Amino acid sequence: GDSVTQMEGPVTLSEEAFLTINCTYTATGYPSLFWYVQYPGEGLQLLLKATKADDKGSNKGFEATYRKETTSFHLEKGSVQVSDSAVYFCAPSAGSWGKLQFGAGTQVVVTP
Amino acid sequence: DTGVSQDPRHKITKRGQNVTFRCDPISEHNRLYWYRQTLGQGPEFLTYFQNEAQLEKSRLLSDRFSAERPKGSFSTLEIQRTEQGDSAMYLCASSHTSTGVSEKLFFGSGTQLSVL
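Parameters and conventions
- Residues numbered from 1 in each chain as written.
- Chains lettered and ligands numbered in written order.
- Predicted model: local features only at pLDDT ≥ 70, side-chain atom pairs only at ≥ 80, totals over all residues.
- Heavy atoms only, no water.
- Helix = DSSP H or I, 4+ residues; strand = E, 2+ residues; numbered from the N terminus.
- Buried < 20%, exposed > 50% of the residue type's maximum accessible area, 1.4 Å probe, protein only.
- Contact = heavy atoms within 4.5 Å.
- Areas by Shrake-Rupley, 256 points an atom, 1.4 Å probe, with all protein chains shown as cover.
- Lys, Arg positive; Asp, Glu negative; His and termini not counted.
- Charge placed at Lys NZ, Arg CZ, Asp CG, Glu CD.
- Salt bridge = Lys/Arg side-chain N within 4 Å of Asp/Glu carboxyl O.
- Disulfide = S-S within 2.5 Å.
- Buried area = accessible area lost by both parts, 1.4 Å probe.
- Polar contact = N/O pair within 3.5 Å; in protein donor to acceptor, adjacent residues only side chain to side chain.

A. Broad picture of the overall build of chain B. A count of helical and extended segments in chain B gives 0 helices and 11 strands. Written out in order from the N terminus, the α and β elements of chain B read β-β-β-β-β-β-β-β-β-β-β. Going through the 116 residues of chain B one by one, you find that 45% of them count as buried. A separation of at least 24 residues holds for 53% of the contacts in chain B among residues at least 6 apart in sequence. Accessible surface, chain B: about 6,100 Å² in total, of which carbon and sulfur atoms supply 44%. Separation between the mean location of the 14 positive side-chain charges and that of the 13 negative ones in chain B comes to 5 Å.

B. Layout of the pattern of salt bridges. For the structure on display, the rule yields 8 salt bridges over all chains. Among the ionic pairs, Lys 52 of chain A bridges to Asp 55 of chain A, the shortest N-O distance being 3.4 Å. In this structure, the salt-bridge partner of Lys 77 of chain A is Asp 84 of chain A, at a minimum N-O distance of 2.8 Å. Overall, the relative accessible area of 6% leaves Asp 84 of chain A in the buried class. Bridged by salt links that share partners, the residues Arg 64, Glu 83 and Asp 86 of chain B form one connected network.

C. View of the environment of Lys 68 of chain A. Residue and element names in this part refer to chain A. Inspection of the secondary structure puts Lys 68 in the loop between β8 (62–65) and β9 (75–77). Here Lys 68 falls in the partly exposed class, since its relative accessible area comes to 45%. Separated by 54 residues in sequence, Lys 68 and Ser 14 place their C-alpha atoms 32 Å apart. Residues contacting Lys 68, with those up to four places away along its chain left out, are Tyr 30 and Ala 53.

D. Quick peek at the state of the cysteines. The final tally for this structure, using the stated rule, is 2 disulfides over all chains. A disulfide bridge connects Cys 23 of chain A with Cys 90 of chain A, and the sulfur atoms are separated by 1.9 Å. An S-S torsion of about -70° defines the bridge between Cys 23 of chain A and Cys 90 of chain A as left-handed. Linking Cys 23 of chain A in strand β4 (residues 23–26) with Cys 90 of chain A in strand β10 (residues 86–92), this pair joins segments that are 67 residues apart in sequence. On the basis of relative accessibility, which here comes to 0%, the residue Cys 23 of chain A falls in the buried class. The exposure class of Cys 90 of chain A is buried, given its relative accessible area of 2%. One disulfide bridge connects Cys 23 of chain B with Cys 92 of chain B, the sulfur atoms lying 1.9 Å from each other. The disulfide joining Cys 23 of chain B to Cys 92 of chain B has a torsion of about -70° about its S-S bond and is therefore left-handed. With Cys 23 of chain B in strand β3 (residues 19–24) and Cys 92 of chain B in strand β9 (residues 88–95), this residue pair connects regions lying 69 residues apart in the sequence.

E. Expanded view of the interface of chain B and chain A. Residue-level contacts link 19 residues of chain B with 18 residues of chain A. Carbon and sulfur atoms supply 54% of the area that chain B and chain A bury against each other, a total of about 1,600 Å² over both sides. Of all residues in chain B, Pro 43, Glu 103 and Phe 107 of chain B bury the most surface against chain A, accounting for 35% of the area lost on that side. The interface formed by chain B and chain A holds 1 salt bridge in total. On inspection of chain B and its partner chain A, the count reaches 4 residue pairs in polar contact (both at pLDDT 80 or more). Of all elements in the fold, only β4 (31–37) and β5 (44–50) of chain B reach the threshold of two or more residues within the side of chain B that touches chain A. The element that contributes the greatest number of residues to the side of chain B that touches chain A is β4 of chain B, accounting for 4 residues.

Honestly, it's all geometry; don't read function into it.
Here you go:
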């Protein structure tokens, strides 16, 4: 069946460091790809998305490119801030509208 | 506050009891979803509604689980004869199927269920 493999956390970084969170997936068809983020004490919220091959989603300095040939959607940010401390979830769509298959999540801790 | 709201935030119950959770989606969102999240894992899809119609149910949703959305607005999720394995965070999300905003889910803060 469909699956999502996400980099295990926690990932601990110093402020202004470069962040990469790897995500690969298996899916039937041609899914849309999403990154959701959960800040401490808050609900899940959409960070960025890409809907077709080679699309680059971006938001708040984060970027991820839809790589169909490697079925990957790695999340990157060039210079993290303490406020980026959160849990990040990779989530390909799985068939029906809004039916997302979430990875296990990667906790990111950014220290001053 | 016009976000997705869930009630209660926390629920502690004894094994074998029934529990019901409520979700109020963003007004005018025609799709509503239930997910379940256990510690250290990502959310797992349970079911979703378009308006009042329940269009898909996960195999995770055993016969003890039932969800309704009677008027296409708020939704309830009931768990009968709770088991310790039901302990989890139950998340509700909503979306609107119009161009440009479809597939963006807005999540509530969840109901944390603990079955003793």
